[in-house]
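Take a look at the letters that make up each chain.
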Amino acid sequence: IKTFRTYLTTKDQFDFGDKKKINVVLFLSRTKQNVIERELVGMFNLLCKTNNINFVYKSHPRKNSDIDKGYNASNINSFQLSAWADVGILFGSSIAIHLLLDNVPIIVPSFVHTNSTILEKHKICITAKNIGELETILSNNTKDDIRKLVDNTRVDKFLNEHFSADKDYEQIMQEYYEA
């Protein structure tokens with residue numbers, strides 16, 4: 001992942017907002033995927049007006065957003081956004097794995113969709129069950145407080161089980177070499 005990120009991001013880094021604020025990226029999914037649009041709009045409006053965060057959003061790669069609020073970071077590489085983010089918000093995006101690898105806490109706004117996520121199943125995210133909970137998480141916590149809301153032991157176990165097949169680095173590299 002580190003090699004891949006270096007290759008993709010070269011020396012360009014994304015920079016936006018006030019350094020004292022919490023950097024929040026919302027990775028949007030397609031609304032056809034069981035999204036409750038009214039709740040999504042309410043969440044988006046909340047994120048735009050929350051004073052202690054730098055808020056950017058990235059549309060789903062196969063759908064451009066026609067939202068005219070907030071900072072549209074759709075032209076920014078997701079790896080760069082992950083490196084910049086203090087918090088990622090998503091409810092159905094594969095970038096979640098990369099955020100986990102970058103040690104970026106993920107908030108899943110379960111009130112925005114009717115799906116269940118692997119992140120919630122394995123308890124490796126922060127679940128906001130309603131807009132009030134989301135507002136409380138973002139408004140009443142520091143970056144470090146939010147990081148502490150995620151059990152990194154669970155995240156490490158999840159990544160090891162699902163992506164490393166319970167093998168250490170040397171075993172993975174040996175298999176790669178043999179392949």
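This section reports on the structure supplied with the text.

Conventions used here
- Residues numbered from 1 in each chain as written.
- Predicted model: local features only at pLDDT ≥ 70, side-chain atom pairs only at ≥ 80, totals over all residues.
- Heavy atoms only, no water.
- Helix = DSSP H or I, 4+ residues; strand = E, 2+ residues; numbered from the N terminus.
- Buried < 20%, exposed > 50% of the residue type's maximum accessible area, 1.4 Å probe, protein only.
- Polar contact = N/O pair within 3.5 Å; in protein donor to acceptor, adjacent residues only side chain to side chain.
- Contact = heavy atoms within 4.5 Å.
- Patch = residues over 30% accessible without salt bridge, like charges linked within 9 Å, V, L, I, M, F, W, Y side chains within 5 Å.
- Areas by Shrake-Rupley, 256 points an atom, 1.4 Å probe, with all protein chains shown as cover.
- Salt bridge = Lys/Arg side-chain N within 4 Å of Asp/Glu carboxyl O.
- Phe/Tyr/Trp six-rings, centres within 6.5 Å; stacked < 30°, edge-to-face > 60°.
- Axes fitted to C-alpha atoms, helices over the stretch in contact; angles between N-to-C directions.
- Parallel < 35°, antiparallel > 145°, perpendicular 65-115°, else oblique.
- Left-handed = near helix turned anticlockwise from the far one by under 90°.
- Nonpolar A, V, L, I, M, F, W, Y, C, P; charged D, E, K, R; others polar.
- Pairing = 2+ DSSP bridges.

Mapped onto the secondary structure, Asn 54 falls in strand β2 (residues 53-58). Judged by relative accessible area, which is 5%, Asn 54 ranks as buried. At 2.7 Å, the side chain of Asn 54 forms a polar contact with the backbone oxygen of Asp 18. Excluding anything up to four places from it in sequence, Asn 54 contacts Phe 16, Gly 17, Asp 18, Lys 21, Ile 22, Asn 23, Val 24 and Trp 84.

This part covers a nonpolar patch on the surface. A cluster of nonpolar side chains, contributed by Tyr 169, Met 173 and Tyr 176, occupies part of the molecular surface with about 390 Å² of accessible area. Inspection of the secondary structure assignment puts Tyr 169 in helix α9 (residues 169-178). We classify Tyr 169 as exposed; its relative accessible area is 57%.

The subject of this paragraph is the environment of Arg 38. Note that Arg 38 resides in helix α2 (residues 37-49). In this structure the C-alpha to C-alpha distance between Arg 38 and Val 112, which are 74 residues apart in sequence, comes to 8.2 Å. Side-chain polar atoms of Arg 38 contact the side chain of Glu 39, separated by 3.0 Å.

With that settled, consider the packing of aromatic side chains. Any two aromatic rings considered together are summarised by their centre-to-centre distance and by the angle between their planes. Tallied over the entire structure, the rule returns eight aromatic pairs. Measuring from centroid to centroid gives 5.1 Å for Phe 14 and Trp 84, while their planes differ by 80°, and the two rings are edge-to-face. With Phe 14 in the loop between α1 (2-9) and β1 (22-27) and Trp 84 in helix α3 (residues 78-84), this residue pair connects regions lying 70 residues apart in the sequence. Every member of this aromatic cluster is reached through a ring pair, and the members are Phe 14, Phe 16, Tyr 71 and Trp 84.

It is the contact of α2 with helix α6 (residues 131-139), at a shortest axis distance of 11 Å, that shows an interaxial angle of 20°. On the basis of their axis angle, the class for α2 and α6 is roughly parallel. At the point where α2 passes α6, the crossing takes the right-handed sense. In this structure, α2 uses Gly 42, Met 43, Leu 46 and Leu 47 to contact α6, whose residues at the interface are Ile 131, Leu 134, Glu 135 and Leu 138. Across the contact of α2 with α6, the residue classes break down as six nonpolar, one polar and one charged.

Another aspect to go through is the pairing of strand β4 (residues 87-90). Of the two faces of β4, the one carrying Val 87 and Ile 89 and the one carrying Gly 88 and Leu 90 are both buried. Relative to β4, β1 runs parallel, the two sharing four bridges. Opposite Phe 27, over in β4, you have Leu 90 as the bridge partner. Looking at chain direction, β4 and strand β5 (residues 106-109) are connected through two bridges and run parallel. Bridging across to β5, Ile 89 finds its partner in Ile 107.

Note: most peptide bonds trans; most residues except glycine with negative phi. You will see that Asn 103, though not glycine, has its phi angle at about 60°, which is positive. With respect to the helices and strands, Asn 103 occurs in the loop between α4 (95-101) and β5. Judged by relative accessible area, which is 40%, Asn 103 ranks as partly exposed. With a phi close to 55°, Lys 123 is a non-glycine residue in the positive phi region.

Fair warning: the whole summary comes from geometry, so function is off the table for now.
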